[in-house]
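Chains, contacts and geometry: an overview
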Amino acid sequence: MGFLHFYRAAILLPFLFHVSSSVYGQTTNATFDVTGHPSANIGVATGDDTLYTVDITLGGQNFTVLLDTGSSDLWINTQGRDIKLTNSTSLNTTEVYGLGAVQGDIAFAELKVGDYVVPSQIFLNATQIANITTLVDGYMGISFDVGSIFGTVFQAWGNESAQTLGRSFITNLFAQNASLPNNFDLQLGRTNMLNETSTGTFIIGGHSSQFGDVTDAPKLPRVGNARWTVALDKMKINGEAFSFNKSSVSSVPEGSLVALLDSGFSIPQLPPAAVDAIYTSIPGAVFWQTGNSYIVPCNSTAMVSFVLGGEEFFVHPLDLTLPATAPIVINGTVTDVTVCQATYQYFDLDPTNFAGFDLVLGDAFLRSVYASFDYNDTNPMTNTTGTPFVQLLSSVDVYTALDEFYENRGEALSAAPPTIEPAQFIQFPLAISGASTTNSTSSQDNTPTNSTSSPNSVSTNSTGSQNSSVSGALSEAEVRASTDSASDGSLSNKTFKVAALALLGANLFIGSILLIAVLTMCVRGMKGRPVTNVGSRYVPVRFKDAENVDPEAEPVVPRYSD
């Protein structure tokens, strides 16, 4: 996917589980009291616009976890931490992802999230983690209970136990506290030069006073059974509607597609033709074959919108690209340059394994909306059911968005390494140090391939060839001069002075350039590598789970009714 670190968290495979050993220590008390204060903002934080986290307390220990609307399970790397368990089991389950796997025993502990307390919450106590990397302690899913934990409990102890013991944190709250409105609201923040961290909104059982009218927004009913998927009416680029092909899901209206709303997915993924339409509308943008994405002039953008429930939601121009620093080789000399990479990428999940949706609207879309996720009347404790739905309000002022783009992007680029035209960037080799041999597996065909990088590895240019040297390469001064060619102040040519990119390190740029082979591994996955013991508290990021299910079939185990 290129040299930016994007995170693709959890599309859970319904009932993907492995039960081992005997069953003992089964929790029999299923009556939990859940306390908390509705409408209090728990908050969701980011330091880089690619990873959104909440702080929790599990078994008396504090953890930072990714907040994921694309999954339901809670798993934690507890190594080296004194967790006070309320119960333990010998149920061992494995969560397998396109990139890596998490394995461990199912356990129970007191969970605190904001002011809410679940005295005995089920979770996966991760003891082995393979091929997943990020600076969090685990994941907390807030979707529907169709994951490994629920399925494992169902297989071992039956449906009744699964319906009471196998629930996620969020469904525990709603199932066991009748007075708590069963919705949660989410608004993802955006960092800038003045704020290297940003705190967004995560509210359970209420709404932000600033967006209280979200209850008047059109209700977008969930499509399917397993996740927060809704019907997408259309996409517009600079006011012109884009024509999608027919949806892979037959139950949606003609002309609509199914969109997954996933806070654990940094980059939205669209059908390739839609991505091409967005970025070819921006003068100077080119497709970078090495990164399988577009490189866009940092001072240019487009106006993209998505229509859901008849309402148009504009994507903030800042969220169409992300700046990054790249060391390239010019006449044998390593020179740092700044380029901007597309955040909307090709949908590359194999439809035979990832069924039930046509595209993913991840963080780069969710930052532009205030979203309320409502479970409706579904409650397994009272045997009531209803269709969950999502309501959205735009947080983008279309009349000021472009000015905000120019101002914020200018600040981000000020005193940075010089920008370079995309067409020039893709002709230069990247400066890569060290050697790495990886056993990489494509998320599309799951066929292991061997990929080796040497200290002299270089990137692939737009024609697919590799260059060990560049003839006629620009000098550093010429690279700097390439940013001064625009003159008219139009949307595609407005330029900024070159100054400091303070988003390195703990901010937007988690590192600068990685080995191309490693980058490919991070995107395509390494499903064939063995699970290894956890070596630190830094828990790897999960890729998307493969799903071999009928997108329109009823779940094997009904989540919200007996």
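Now for a quick tour of the structure. For clarity, every value in this text was computed on a predicted model and none was experimentally measured. (Residues numbered from 1 in each chain as written. Predicted model: local features only at pLDDT ≥ 70, side-chain atom pairs only at ≥ 80, totals over all residues. Heavy atoms only, no water.)

1. Re the sheet that holds strand 20 (residues 311–315)
Basically, it comes down to this: Note on pairing: DSSP must find at least two bridges between two strands before they are called paired. Secondary structure elements are taken from DSSP: a helix is a run of H or I of four residues or more, a strand is a run of E of two residues or more, and numbering for both begins at the N terminus. Here the axes come from fitting lines to C-alpha atoms, over the contacting stretch only for helices, and the angles between their N-to-C directions go from 0 to 180 degrees. In this analysis, two residues are considered to be in contact whenever any of their non-hydrogen atoms come within 4.5 Å of each other.
Strand order in the open sheet formed by four strands is 14-13-19-20, with antiparallel pairing between adjacent strands. Pairing within the sheet leaves two strands with one partner each, and these edge strands are strand 14 (240–242) and strand 20. This sheet shows a mean twist of 30 degrees between the axes of neighbouring strands, independent of strand direction. In the packing of helix 4 (residues 272–280) onto the sheet, the strands contacted are strand 13 (234–237), strand 14 and strand 19 (304–308), and the crossing angle to strand 13 comes to about 25 degrees.

2. A few points about the side chain of Asn-299
Test applied: Burial here depends on accessible area, computed with a 1.4 Å probe over protein chains only, as a share of the maximum for the residue type. Under 20% is buried, over 50% is exposed, and the range in between is partly exposed.
Its place among the elements puts Asn-299 in the loop between strand 18 (293–296) and strand 19. Overall, the relative accessible area of 14% leaves Asn-299 in the buried class.

3. Observations regarding the pairing of strand 13
Of the two faces of strand 13, the one holding Met-235 and Ile-237 is buried and the one holding Lys-234 and Lys-236 is not buried anywhere. Bridge count for strand 13 against strand 14 is three bridges, and the pairing is antiparallel. Across the sheet, Ile-237 pairs through a bridge with Glu-240, a residue of strand 14. In textbook terms, the turn of a hairpin is the stretch between consecutive antiparallel strands, and for strand 13 and strand 14 this stretch comprises two residues, one of which, Asn-238, has a positive phi near 50 degrees.

4. What about the packing of aromatic side chains?
Quick reminder of the rule: Side-chain rings of Phe, Tyr and Trp (the six-membered ring for Trp) are treated as a pair once their centres are within 6.5 Å; stacked means planes under 30 degrees apart, edge-to-face means over 60, and tilted covers the remaining angles. For a Lys NZ or an Arg CZ to count as sitting over a ring, it must be within 6 Å of the ring centre and within 35 degrees of the ring normal.
Taken as a whole, this structure holds 20 aromatic pairs when the rule is applied. Pairing Trp-75 with Tyr-139 gives two aromatic rings, centres 5.4 Å apart and planes at 25 degrees, and the pair type is stacked. One end of the pair, Trp-75, is in strand 4 (residues 74–77); the other, Tyr-139, is in strand 8 (residues 138–141), and 64 residues separate them in sequence. Considered together, Trp-75 and Tyr-139 belong to a single accessibility category, that of buried residues. Positioned above the aromatic ring of Phe-63, the side-chain terminus of Arg-81 is 4.5 Å from the ring centre. For the cation-ring pair, Arg-222 lies above Phe-144, with the distance from its terminal atom to the ring centre recorded as 4.4 Å.

5. Observations concerning the nonpolar core
Our working rule: Joining through side-chain atoms within 4.5 Å is the link that ties buried Ala, Val, Leu, Ile, Met, Phe, Trp, Tyr and Cys residues into a set, and such a set is a nonpolar core.
If you look at the biggest cluster of nonpolar residues, it comprises 72 residues, and the most contacted ones within it are Phe-202, Phe-306 and Phe-365. If you look at the next biggest cluster of nonpolar residues, it comprises 20 residues, including Phe-108, Leu-124, Val-153 and Trp-157.

6. Some details on the state of the cysteines
Counted only if it meets this: The disulfide criterion is simple: two cysteine sulfur atoms within 2.5 Å.
All told, the structure shown has one disulfide when counted by the stated rule. What pairs with Cys-298 in a disulfide is Cys-340, and their sulfur atoms sit 2.2 Å apart. Residues Cys-298 and Cys-340 are joined through a disulfide that is right-handed, its torsion about the S-S bond being 110 degrees. Residue Cys-298 is found in the loop between strand 18 and strand 19, and its partner Cys-340 is found in strand 22 (residues 333–342); the two are separated by 42 residues along the sequence. Residue class for Cys-298 comes out buried when judged on its relative accessible area of 7%. We classify Cys-340 as buried; its relative accessible area is 0%.

7. Details of unusual backbone geometry
At Asn-238, a position not held by glycine, the phi torsion is positive, near 50 degrees. Phi angles above zero are rare outside glycine, and Asn-292 is one such case at about 50 degrees.

8. Brief notes about the sheet that holds strand 18
Within the open sheet, the four strands sit side by side as 17-18-22-21. Their pairing is antiparallel. Edge positions in the sheet fall to strand 17 (286–288) and strand 21 (321–330), since each has one partner strand and no second. Across the sheet, the axes of successive neighbouring strands diverge by a mean angle of 50 degrees, strand direction being ignored. Here ten bridges tie strand 21 to strand 22, and the two strands are oriented antiparallel to one another. Each residue of the ladder has a partner; that of Ala-324, found in strand 22, is Val-339. The strands touched by helix 4 are strand 18, strand 21 and strand 22; relative to strand 18, the strand with the most contacts, the crossing angle is about 10 degrees.

9. Some points on the environment of Phe-202
Along the chain, the position of Phe-202 falls in strand 10 (residues 198–204). The class of Phe-202 is buried, set by a relative accessible area of 0%.

10. Observations concerning the pattern of salt bridges
Rules: By salt bridge we mean one thing: a side-chain nitrogen of Lys or Arg within 4 Å of a carboxyl oxygen of Asp or Glu.
Under the criterion given, the structure shown has three salt bridges. For Lys-246, the salt bridge identified is with Glu-254, shortest N-O distance 3.8 Å. Overall, the relative accessible area of 66% leaves Lys-246 in the exposed class. Across the pair Arg-367 and Asp-319 runs a salt bridge, and its minimum N-O distance is 2.9 Å. Here the residue Arg-367 occupies a position in the loop between helix 5 (363–366) and strand 25 (369–374), and Asp-319 occupies one in the loop between strand 20 and strand 21, the gap between them amounting to 48 residues. As far as the burial class goes, Arg-367 and Asp-319 line up, both buried. Within the structure, one salt-bridge network assembled from shared partners comprises Arg-190, Asp-319 and Arg-367.

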